[in-house]
Amino acid sequence: MSGDGSQGDKTQCNGVKNHRSALPAAMFSRNNVSMWSVLKKCIGMELSKITMPVVFNEPLSFLQRLTEYMEHTYLIHKANTSQDSIHRMKCVAAFAVSAVASQWERTGKPFNPLLGETYELLREDLGFRWISEQVSHHPPVSAFHAEGIKNDFMFHGSVYPKLKFWGKSVEAEPRGIITLELPVHNEAYTWTNPTCCIHNIIMGQLWIEQYGNVEIINHKTGERCCLTFKSCGIFGKELHKVEGYILDKSKKKICALYGKWTECLYSVDPATFDAHSKTDVKRSEKDRKGSAQSNNAEEEPDEMPPPEAETVQVIPGSELIWRISPRPDNSGKYYAFTSFALQLNELDAEMERVLPQTDCRLRPDIRALENGHIDVASAEKNRLEEKQRMARRNLSKSNEEWKIRWFHQGPNPHTRAPDWLYNGSYWDRNYSQLPDIY
């Protein structure tokens, strides 16, 4: 691969693959493209049904974007080595928070997966392998299953991203159950992700926030972690903040968690946290009164909060659980990708020999955008969408049902809610009779 220090397909002398550190081409400027011309008729509609110009995409499928849950897999390994269930819950909570951290400043839209599209990722250096499949087109549902190389964990779920346009912002509600199983402790944890919102998509500086409540349940011990991802607020004081408590099965507060999903997560004694929060509330009320007296102008609700809001005040006695890895220096040039995201669409000859023909590394529109050929990417995207529509029409005429390859519908083993469960056969590498979707 070409680019800033890209290592291509080289392997280090110790046998560990040296992953690339750049894309073949920088992203295109979106400054001269009007998002409003596309979205003005779509207020309140679900965006998965809207065809967007390819310039607003990033060169990844949503299946690949989902794989970014695994960037901080070390937190799962850390939980596994702990003999204390509360410490394990801290690690799992940090993993749940870290799973959305890569969305910070990621304003490009991933490509909608085609029905039957798959993505695999084998990372022996991080200790996991991952398989995902687009199991439904309307509604769009993506199912995934990851497992530890040493069979020390399973992480699985299905996501139905409900996207809506609200005038100046786009809101993404990632419906679906997330499950983490730790067999060595005979434990299972479940949760759902917070809502993501991208502001100023028509004009002004784009910025992202996550908000909503996330409850992580340990189904063996009855302990739970109740987290709140805070919305920005008028003065930006709450931007990116996440805080909450770990409760025992009698709902007693055992510890408090706080931080920012863009930066870090700490734990501290709940009494200390509550005392600090009361002081912080009084200070905020004082600042609000002073601001109201000195500023008669109305606040723009979508105004980008000031940079000084990007810090976490560490409470004395706190323990750091997780801190985000820094973005590479060239991140702004490549869709604000993390180092992990830069590697997701890598493709070499050895991989091509074993990948199924449905793997999204082989999608021509994504590959063309990554290579900087935006006209080719646009033409290929339109061709693939039309091919999918034609295949759906032909299927309905034949009275046959679409065959889902690697997952099946069933109740979640811990919540009993409807879910998509892995059938266990993907890594056998028997890829005969797969559909031609590209």
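Quick note: structure is the one above.
For clarity, every value in this text was computed on a predicted model and none was experimentally measured.

Asks: Help me understand helix H3 (residues 74-81), please; the structure alone is not making it clear to me.
Replies: Every α-helix carries 3.6 residues per turn, so stepping three or four residues along brings you back to the same face. Where H3 is concerned, the buried positions are Leu-75, Ile-76, Ala-79 and Asn-80. Seen along its axis, H3 keeps its buried residues to an arc of 145°; they face one direction. Looking at the buried side of H3, the elements it contacts are helix H4 (85-98), strand S8 (178-182) and strand S16 (319-323).

Asks: Is there a simple way to explain the pairing of strand S17 (residues 407-411) in this structure?
Replies: Looking along a regular strand, one sees the side chains alternate between the two faces of the sheet. As paired strands, S17 and strand S18 (residues 418-422) are joined by five bridges and run antiparallel to one another. The residue of S18 that forms the bridge with His-408 is Leu-421. Connecting S17 to the next strand, S18, in antiparallel fashion are six residues, including Arg-416 with a positive phi near 70°.

Asks: Can you help me understand the pattern of salt bridges in this one?
Replies: Side chains that carry opposite charge are capable of pairing whenever their charged atoms lie near each other. For the coordinates displayed, the defined rule picks out 23 salt bridges. Two residues, Glu-370 and Arg-20, come together in a salt bridge whose shortest N-O distance is 2.9 Å. With a gap of 350 residues between them, Glu-370 in helix H8 (residues 364-370) and Arg-20 in the segment before helix H1 (36-39) connect regions that are remote in the sequence. What makes Arg-20 buried here is its relative accessible area of 2%. With a closest N to O distance of 2.7 Å, Arg-363 and Asp-365 form a salt bridge. According to the relative accessible area criterion, Arg-363 is buried, its value standing at 2%.

Asks: Explain the packing of aromatic side chains here, please?
Replies: The geometry of an aromatic ring pair is captured by two quantities: the separation of the ring centres and the angle between the planes. All chains considered together, the criterion is met by 16 aromatic pairs. Taken together, a centroid distance of 5.8 Å and an interplanar angle of 75° make the contact between Tyr-69 and Phe-155 edge-to-face. Of the two residues, Tyr-69 is situated in the loop between helix H2 (62-67) and H3 and Phe-155 in strand S6 (residues 154-165); the sequence distance between them amounts to 86 residues. Note on Phe-155: relative accessible area 1%, which makes it buried.

Asks: I tried to follow the nonpolar core on my own but got confused; where do I start?
Replies: Looking at soluble globular proteins, one finds that nonpolar side chains tend to be buried together. Formed by 75 residues in total, the largest nonpolar core has its most connected members in Tyr-69, Met-70, Trp-130, Phe-155, Trp-191 and Ile-216. Broken down by element, the residue count for this core peaks at nine residues, all from H4. In this view, Tyr-69 contacts Phe-95, Ala-99, Trp-130, Phe-144, Phe-155, Val-159, Ile-178 and Asn-193; residues no more than four positions away in its chain are not counted. Of all hydrophobic cores here, the second largest spans 13 residues; its members include Ile-131, Ala-143, Tyr-160 and Tyr-431.

Asks: I tried to follow the pairing of strand S11 (residues 207-218) on my own but got confused; where do I start?
Replies: When you tally the buried positions in S11, you get nine out of twelve residues, the bulk of the element. Here two bridges tie strand S9 (residues 187-191) to S11, and the two strands are oriented antiparallel to one another. Its bridge partner being in S11, Thr-190 is matched across the sheet by Ile-217. Across five bridges, strand S10 (residues 195-199) lies against S11 in antiparallel orientation. Its bridge partner being in S11, Thr-195 is matched across the sheet by Tyr-211. Across six bridges, the pairing between S11 and strand S12 (residues 224-229) is antiparallel. Residue pairing across strands places Asn-213 opposite Thr-228, the latter belonging to S12. Linkage of S11 to S12, two consecutive antiparallel strands, is achieved through a turn of five residues, within which Gly-222 is found at a positive phi near 85°.

Parameters and conventions
- Sequence order sets the numbering: in each chain, residues are counted from 1 along the sequence as written.
- Whole-chain, interface and lining totals are the exception, using all residues; otherwise, since this is a predicted model, local features are given only for residues with pLDDT of at least 70 and side-chain atom pairs are given and counted only at 80 or more.
- Values shown for side chains rest on all heavy atoms present in the structure; no hydrogens or waters enter the calculation.
- Under the scheme applied here, a residue whose accessible area is under 20% of the maximum for its type counts as buried, over 50% as exposed, and between as partly exposed, the area being computed with a 1.4 Å probe on protein chains only.
- Secondary structure elements are taken from DSSP: a helix is a run of H or I of four residues or more, a strand is a run of E of two residues or more, and numbering for both begins at the N terminus.
- An arc is given here, and it is the one of the directions from the helix axis to the C-beta atoms.
- By definition, residues are in contact when any of their heavy atoms lie within 4.5 Å.
- Pairing between two strands is assigned when DSSP locates at least 2 bridges connecting them.
- Think of a salt bridge as a Lys or Arg side-chain nitrogen and an Asp or Glu carboxyl oxygen that are within 4 Å of each other.
- For Phe, Tyr and Trp, where Trp contributes only its six-membered ring, two rings pair if their centres lie within 6.5 Å, and the inter-plane angle classes them as stacked under 30 degrees, edge-to-face over 60, or tilted in between.
- We call a set of buried residues a nonpolar core when its members are Ala, Val, Leu, Ile, Met, Phe, Trp, Tyr or Cys and they connect through side-chain atoms within 4.5 Å of each other.

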